[in-house]
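Summary of structural features
Chain by chain, the residues run as shown.
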Amino acid sequence: MALSIIKPGLLDTIQDMGRNHYGNLGINPGGPMDSYAAQVANLLVGNCCTEALIEIHFPGPQILFEQNAMIAVTGADFSPMLNDEAMPLWQPVVMRKNTVLHFPKLNAGARCYLSIHGGFCIPKWLNSYSTNLKAVVGGLEGRPLKKGDSLSPKESSIYFAGLLQEEKNIRTLPWRVDASKAYRLPNEIYIIKGREWDQVTRPSQLNLLDDNFTIHPSSDRMGYLLKGAPVELNHHIELISSAVSFGTLQLLPNGQLVILMADHQTAGGYPRIAHVVSAHLPKLAQLRTSDCLQFRLTSIEHAESLMLEQQKELQILLRACRDHLNKLVC
Amino acid sequence: MNESHNLERQTQRLNQEFNIFPLGDSAATMDFGNTINKSLNSRVRNIGHWLRQHSLQGFKNVIEGYSSVSILYDPVILQRNYLFESTAFDFIRKKLEEAWKETIHDPIFEDGPLTRIPVCYDEEFGIDLNFIASEKHLSKEEIIRIHQSKSYHVYMIGFLPGFSYMADVDERLVIPRKKVPVTVSPGSVGIAGSQTGVYPISCPGGWQIIGRTPMALFDPSSENPVKLQAGDQVQFYSISRSEFEAASQ
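Here is what the cut-offs are and how they apply
- Residues numbered from 1 in each chain as written.
- Chains lettered and ligands numbered in written order.
- Predicted model: local features only at pLDDT ≥ 70, side-chain atom pairs only at ≥ 80, totals over all residues.
- Helix = DSSP H or I, 4+ residues; strand = E, 2+ residues; numbered from the N terminus.
- Buried ≥ 20, exposed ≤ 12 C-beta atoms within 10 Å, placed from the backbone.
- Contact = placed C-beta atoms within 7 Å.
- Rg over C-alpha atoms; globule rule 2.2 N^0.38 Å.
- Expected span 1.5 Å × (residues − 1).
- Nonpolar A, V, L, I, M, F, W, Y, C, P; charged D, E, K, R; others polar.
- Pairing = 2+ DSSP bridges.
- Domains from an automatic or database assignment.

Let's talk about the overall build of chain B
Helix and strand counts for chain B stand at 7 helices and 13 strands. Each principal axis of the C-alpha distribution contributes one length, and for chain B these read about 65 × 40 × 35 Å. Across the 249 residues in chain B, those meeting the buried criterion constitute 45%. Long-range pairs, those at least 24 residues apart, make up 61% of the contacts in chain B between residues at least 6 apart in sequence.

Overview of the overall build of chain A
Per the secondary structure count, chain A includes 4 helices and 21 strands. Taking 20 Å as the expected radius of gyration for a compact globule of 330 residues, we find that chain A reaches 21 Å, a close match to that expectation. Within chain A, buried positions represent 50% of all 330 residues. Within chain A, contacts between residues at least 6 apart in sequence are counted, and of these 77% link residues at least 24 apart.

Section: helix 2 (residues 38-53) of chain B
The terminal C-alpha atoms of helix 2 of chain B, which comprises 16 residues, lie 22 Å apart, in line with the 22 Å expected from a rise of 1.5 Å per residue. Buried residues in helix 2 of chain B make contact with strand 3 (59-64), strand 4 (68-73), helix 4 (88-102) and strand 6 (152-157) of chain B.

Considerations on the interface of chain A and chain B
Listed as interface residues are 34 residues of chain A and, on the opposing side, 43 residues of chain B. Counting only elements with at least two residues in the side of chain A that touches chain B, the list comes to strand 16 (242-243) and helix 4 (300-329) of chain A. Considering each element in turn, the side of chain A that touches chain B owes the most residues, 7 residues, to helix 4 of chain A. Split into classes, the residues belonging to the side of chain A that touches chain B amount to 15 nonpolar, 15 polar and 4 charged.

Here we look at the environment of glycine 158 of chain B
In this structure, glycine 158 of chain B sits in the loop between strand 6 and strand 7 (164-167). Along the chain, glycine 158 of chain B and alanine 230 of chain B lie 72 residues apart, while their C-alpha atoms are 9.9 Å from each other. Beyond its immediate stretch of four places on either side in the chain, glycine 158 of chain B contacts Gly26, Ser241, Thr266 and Ala267 of chain A together with Ile63, Phe163 and Tyr165 of chain B.

Quick look at the sheet that holds strand 7 (residues 85-86) of chain A
On the basis of which strands lie adjacent, the open sheet formed by 6 strands has the order 7-6-9-4-1-11 (chain A) and antiparallel pairing. Two strands close off the open sheet at either side, each with one partner strand: strand 7 and strand 11 (150-151) of chain A.

Some details on the domain arrangement of chain B
All names here are of chain B. Split by domain assignment, chain B resolves into domain 1 (3-102) and domain 2 (114-247). Taken residue by residue, the interface counts 8 residues in domain 1 and 8 residues in domain 2. When contributions to the side of domain 1 that touches domain 2 are tallied by element, the ones reaching two or more residues are helix 2 and strand 3. Take the side of domain 1 that touches domain 2: its biggest share by element is 3 residues, from helix 2.

This is the structure:
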């Protein structure tokens, strides 16, 4: 096996871009909290974005690589180290076997992503590698990684030893991604109006766009509970259940807002006040407990153009990384 | 009636019958009103079925609610594959309207098969039976008898893998959900408002729990991991504690 978990982290799970087409059976898509960092992690090592990778929270795991490997770490800065050498973020690295990856210090962000060239080799459930923690299925046995777990990448034709200099155990490869644009103004989150926006009182609407909200400690992969001025409706509403989405701002009966995150359930009956634009979900996913955020209202046209821009950039990066990798191994 | 008259009437019906709105920048919902109603539910399921049969690149999920149907999509993939001038939302809105038109003459979705679900209403399992008994001035036996006295229509599957929303319970059993959810065991049978349902897995739940079933409504190892579907009919029947234990082996 290529790697094993010497010491598990707080919550390390296998994810891919999510499990689609089963929502009408109540099977939620899951997938990475920060889909931008996850996609970049895969493309840095020449994978397509649908390969399995590991989402890591802090405290992170200690992972022993038992074979030579090419990996990348993106997203939050947990100061990744390979043995006693600092490893760069957003840049691929080749390492010799018997190297330990660990994360001694939280510098910034909430979750990071570890990809391996070839993608992790595990069985799919309903066409996806993503872990469904509630249903205890998908990923590695439907659970977080624990001590002793072993994983391998799919077969690759790259001879990693040939990429390493003789006495060196680690080689940082010469291409990296500048992710600063995707996380610019990290506390400013764009939203578009939800179906029940107009049912919110005018003062509450103004507060929502003026105030700071803080992320409550009980927030997790299912949703971020927000602390802030209570949001009030013009009249009480009782809604029957219908579909919800990643980024939906629901209004709870006590006036609190919750932002549905990656492990959100498929349907709900709380008022849908607004929705975080998809292009800002990555920076939202990097906010931690007690971080604050401010909402800014925008249009669906703008939201879509932000997504398109981000994807265009990722497509260019994918081609560039593959070119670099091909040149390197030839 | 001539063609333009038909079209005018269709457009009128279009504007009255439903609303289409964004559910964020990557999803849209077509809503027929805030009502639990079998024929609306059937309409919604016809549309959902058509959308699945005519799925497009970029569709990620089609989800039916009680009286709504939503498409979750990837605007970038849609842009890449289909020509449209304005927004991906507008493109999807037109698709939803097309689905509505194409299914307008579809027969009411037939009721699915009847599934009989065994329930043990033992005190240890029916943790809220006493509460319901005192609120509704009924004995526990009456609650159980009333719960089993009719078959229920499955309106939608959602919230959790295999969680079926069924209705309508007899008005004598209508009771609001808890203000604060508690952890419920898998198989717990509950009531909330005029709905009844079964929690297929353990999770925090706000429904009033009256019993437990040993039947696995969600089995990830199966080719069809979810046992029930929207449109199915469900009837509950009693089993004893020892029968429950035997069935749970």
